[in-house]
Amino acid sequence: MSNETFPQISYFTFLSTHSEFITLDNLMKLPISLLCLSKKKRQAYFVDFINHTDPYRVRKHSILFRCQRKLAKHLYTLPLDLFYEYVSTLDVVNRRIVWLQHTARCGSTLWAQVFGELPGWSVVSECQYIIHSLLNEHEGDNIIAFSKSAEFKRMAVAGFKFNMSRFPPDHSVFVKGATLQDMSLLQPIRGSFPNLKILLSYRNLLPSAYSHCNALTVHRLNAQAISAQMERRRTLDDYYQRFWVYCHCQPWIYSKSLDTIDLVLPKNQFEWYLVMRCSITHSIRAAQDRGIDIKCIKYDHMLKNPRETITAVFDYIGIDRCLVECALRSASQDSQKGMSFSQDNSVKRKPWVVSAESMKRCLKIVQFFGHSELEFDMEMPSTL
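Being a predicted model, the structure only gives us computed values, none of them experimental.

Trainee: Can you explain unusual backbone geometry? Please cite residues and give values.
Mentor: Although it is not a glycine, Arg42 sits at a positive phi angle of roughly 55 degrees. Examined against the element boundaries, Arg42 turns out to sit in the loop between strand 5 (32-38) and strand 6 (43-49). Positive phi, close to 65 degrees, is recorded for Asn51, a residue that is not glycine. Mapped onto the elements, Asn51 comes out in the loop between strand 6 and helix 2 (64-71).

Okay, here's the thing in structure tokens:
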């Protein structure tokens, strides 16, 4: 395996030069995190951070995949078969694991930081380790076919298992899912970890959408550009088109969600978010209907009564109630302080305004997923 260095990171691309070869044992002793797996190149890729900082310090690195792009110092490559061989030696399947799916702008980072400050808990926050193979190395219908294949399951379980191995053996692990990929992992992961508990963090529809647009302004031009491309040609022959459409439609469980784009092409960030939000919650309902045990946490409840909500979650997981006070102190802090999409920065921006034409498209989007209106008090099944 090689240790490669590069001067600067931008978006999804690393410019690297070969530095040295190191042993597998020495690699695993480093404070590395899993970046991605490549089926086509048969490689696993890892990075370590500048100054060897801990990539799992969730107060500092609340979204791992973003920090990996910005802070990586070395890129390490390992043959995929050797990665599988190494992972097969790990004894982590009996860990207590809590896996939080979420719809974005719904308190998921807050929950990651609550668990990150509990004694005996470690956190993996948004590791997108398989999205490269899923979307960059596959096209069209083949993406969904690959997501249901034995090879995909092997990659998914191996990456998840590696992430669980990076902590002391007596630690429980809280996994904050990566919004753009984790619904694709739901089927293969749940059967491989007997002590896994799955949660969904969600929020009422319109507050989520407005929060997303006010906070993540970086996506506004991206959304418009993708919509313009899609108007010219609906074929997803461009990687970024595939990335954008599949990550918003989340067709891994409910494949018909892709039909939304044929029914009404979203024209802006607000509309694209509605597609993603509805796709995720619809898929969670579908998974629950199939018998997958998924408990839900409503952020609106957390805002009104944080003590009651935290206590309900802790009781379900089996965490002593004496730690509720610790969790309340953690929850009182801005979980994204210092980031461009923090609460402080969001409230300073001009609020998003939905035009009358956009409202018509928004209504068609939510109606596709079985909702009669945009503004309603949503209650997911099995909400704690």
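Trainee: Summarise the packing of helix 9 (residues 205-215) against helix 13 (residues 269-289); cite the residues concerned and give the values.
Mentor: How two helices pack is summed up by the angle between their axes together with the distance between the axes. Orientation of helix 9 relative to helix 13, taken along the N-to-C sense of each, is 130 degrees, at an axis distance of 9 Å. Taken together, helix 9 and helix 13 sit at an angle that is classed as oblique. Helix 9 and helix 13 meet at a crossing whose hand is right-handed. For the pair formed by helix 9 and helix 13, the contact residues are Leu205, Leu206, Ser208, Ala209, Tyr210, His212 and Cys213 on the first element and Gln269, Phe270, Tyr273, Leu274, Arg277 and Cys278 on the second. Of the residues contributing to the contact of helix 9 with helix 13, the split by class is nine nonpolar, three polar and one charged.

Trainee: Break down the packing of helix 4 (residues 108-116) against helix 15 (residues 306-317) for me, citing the residues and quoting the values.
Mentor: Running from amino to carboxyl end, helix 4 crosses helix 15 at an angle of 60 degrees, the nearest separation of the two axes being 13 Å. When the axes of helix 4 and helix 15 are compared, the pair comes out oblique. Seen along the crossing, helix 4 lies across helix 15 with a hand that is right-handed. Where helix 4 abuts helix 15, its residues Trp111, Val114 and Phe115 lie against Thr309, Ile310, Val313, Phe314 and Ile317. Here the residues of the contact of helix 4 with helix 15 sort into seven nonpolar, one polar and no charged.

About the criteria used
- Residues numbered from 1 in each chain as written.
- Predicted model: local features only at pLDDT ≥ 70, side-chain atom pairs only at ≥ 80, totals over all residues.
- Heavy atoms only, no water.
- Helix = DSSP H or I, 4+ residues; strand = E, 2+ residues; numbered from the N terminus.
- Axes fitted to C-alpha atoms, helices over the stretch in contact; angles between N-to-C directions.
- Parallel < 35°, antiparallel > 145°, perpendicular 65-115°, else oblique.
- Left-handed = near helix turned anticlockwise from the far one by under 90°.
- Contact = heavy atoms within 4.5 Å.
- Nonpolar A, V, L, I, M, F, W, Y, C, P; charged D, E, K, R; others polar.

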